[in-house]
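# Reading the structure
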Amino acid sequence: MHNFAISASGLRMSFGDRTVLDGVDLEVPSGTVFALLGAEGSGKTTVIRILSGVTGADEGLVRITGEHVGRRSPLDDSLTGEDNLLAVARRRGLDHAEAARCAADLLGRLGLTEVSGMASGIPVAAYSGGMRHRLGIATALVGSPEVVLLDEPTGGLDPSGRRAVRRVLRDLAAEGVTVFLTTRHPRDAGELADRVAVLSQGRIVAEGTPRELGRLASCGHAHLRFADAEELEWAVRVLGGVPGDDEAFTLRVPNDGSVGSLRALLDRIDHQLLAVDGLSIHAPDPDDVFLTLTARPVTG
Ligand SMILES: Nc1ncnc2c1ncn2[C@@H]1O[C@H](COP(=O)(O)OP(=O)(O)OP(=O)(O)O)[C@@H](O)[C@H]1O
């Protein structure tokens, strides 16, 4: 039998006439890193707020097993990073020695030791966005919670910050802590989490390990290159897909690489007299998986 640290069933939430959550069920096994993946505005923060008890759902049940639930605390800009963590530790009942040990450990884990020491430290007001973000994560971990809820832990971080956060999350899971995080980046979900649930149109449309979701989506993409913006614009209209965010007039069109789907794509290119400068077929990557899964009609 599974041991779930977090179970939620039938969560519903509306703001005015906008239904954001339309029956969300979640089961998060203990000691795992679990990612809730969804597009902007899909309701991820709303789920975190419900799980952490900040907001009540209109309907549904939440059960969290685990003595403590850690989530980010607001930062005091006038204090150093270390003092912020000591303040959170005091509020969570740690004695002076435990608090000092905990603050030093968390600053080290999140790569903030240099800037946060009390003597040489700078106030949080002078932190960069990424440093604030990392300190925010550290506040969630004060007091060794058994369950940690993190909203967009890798949002706005540079590669070294992301690496630090990834390492911290893996260490927590190895220590038996359950981590529930949200992200809008399929790649992050695949790299950070043991299991991923995809939130779309108020429902969980898929759930599983990153590998299982890849198999479920069974997708890939064709990468097309065009000579100029005009040709690309026409291609987007007649083929669909997502243009590249570079200057190279590229387009990514879902394609599973089978002979049939390739033939259909080439026929369409021919039929629309599109001048294609380059074409390559790619195995599924996390973005393909996400786009395919969220394009599925919601049933049930
Ligand atoms: N208190 C509120 N009042 C009204 N609408 C709200 C409120 N909170 C959230 N919403 C709306 O609910 C929807 C989901 O918001 P939410 O912040 O949960 O999404 P999200 O997936 O976390 O988005 P993002 O990735 O952009 O942070 C949005 O349309 C948002 O405008």
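Residues numbered from 1 in each chain as written. Predicted model: local features only at pLDDT ≥ 70, side-chain atom pairs only at ≥ 80, totals over all residues. Heavy atoms only, no water.

### A short note on the sheet that holds strand S1 (residues 4-15)
Strand order in the open sheet formed by three strands is S2-S1-S4, and the pairing between neighbours is antiparallel. The open sheet has two edge strands, strand S2 (18-29) and strand S4 (59-64), and neither has a second partner. Averaged over all pairs of adjacent strands, the angle between their axes in this sheet comes to 15 degrees, without regard to strand direction. Where S1 meets S2, nine bridges bridge the pair, whose relative direction is antiparallel. Bridge pairing links Phe15 to Arg18 in S2. The strands touched by helix H1 (residues 44-51) are S1, S2 and S4; relative to S1, the strand with the most contacts, the crossing angle is about 120 degrees. (Pairing = 2+ DSSP bridges. Helix = DSSP H or I, 4+ residues; strand = E, 2+ residues; numbered from the N terminus. Axes fitted to C-alpha atoms, helices over the stretch in contact; angles between N-to-C directions. Contact = heavy atoms within 4.5 Å.)

### A look at the site of the ligand
Around the ligand, a shell composed of 13 residues is seen, among which Gly41, Gly43, Lys44, Thr45 and Thr46 lie nearest. Summarising the interface, the protein chains cover 58% of the accessible area of the ligand, which totals 630 Å² for the free molecule. The set of elements that each furnish at least two residues to the shell around the ligand consists of S2 and H1. Tallying contributions element by element places H1 first for the shell around the ligand, with three residues. Among the residues forming the shell around the ligand, the class breakdown is three nonpolar, five polar and five charged. (Near = heavy atom within 4 Å. Areas by Shrake-Rupley, 256 points an atom, 1.4 Å probe, with all protein chains shown as cover. Nonpolar A, V, L, I, M, F, W, Y, C, P; charged D, E, K, R; others polar.)

### Focus on helix H10 (residues 259-271)
Look at H10: 18 Å from first C-alpha to last across 13 residues, which is about the 18 Å you get at 1.5 Å a residue. The positive-phi residue at the C-terminal boundary of H10 is Leu273, with phi of around 55 degrees. (Expected span 1.5 Å × (residues − 1).)

### Here we look at the packing of helix H5 (residues 129-141) against helix H6 (residues 159-174)
At their nearest, the axes of H5 and H6 sit 11 Å apart, and the two run at 10 degrees to each other. Taken together, the axis directions place H5 and H6 in an arrangement best described as roughly parallel. Only Gly161, Val165, Val168 and Leu172 of H6 make contact with H5, whose side of the interface consists of Arg134, Ile137 and Leu141. Residue composition of the contact of H5 with H6, grouped by class: five nonpolar, one polar and one charged. (Parallel < 35°, antiparallel > 145°, perpendicular 65-115°, else oblique.)

None of this, on its own, says anything about what the molecule does.
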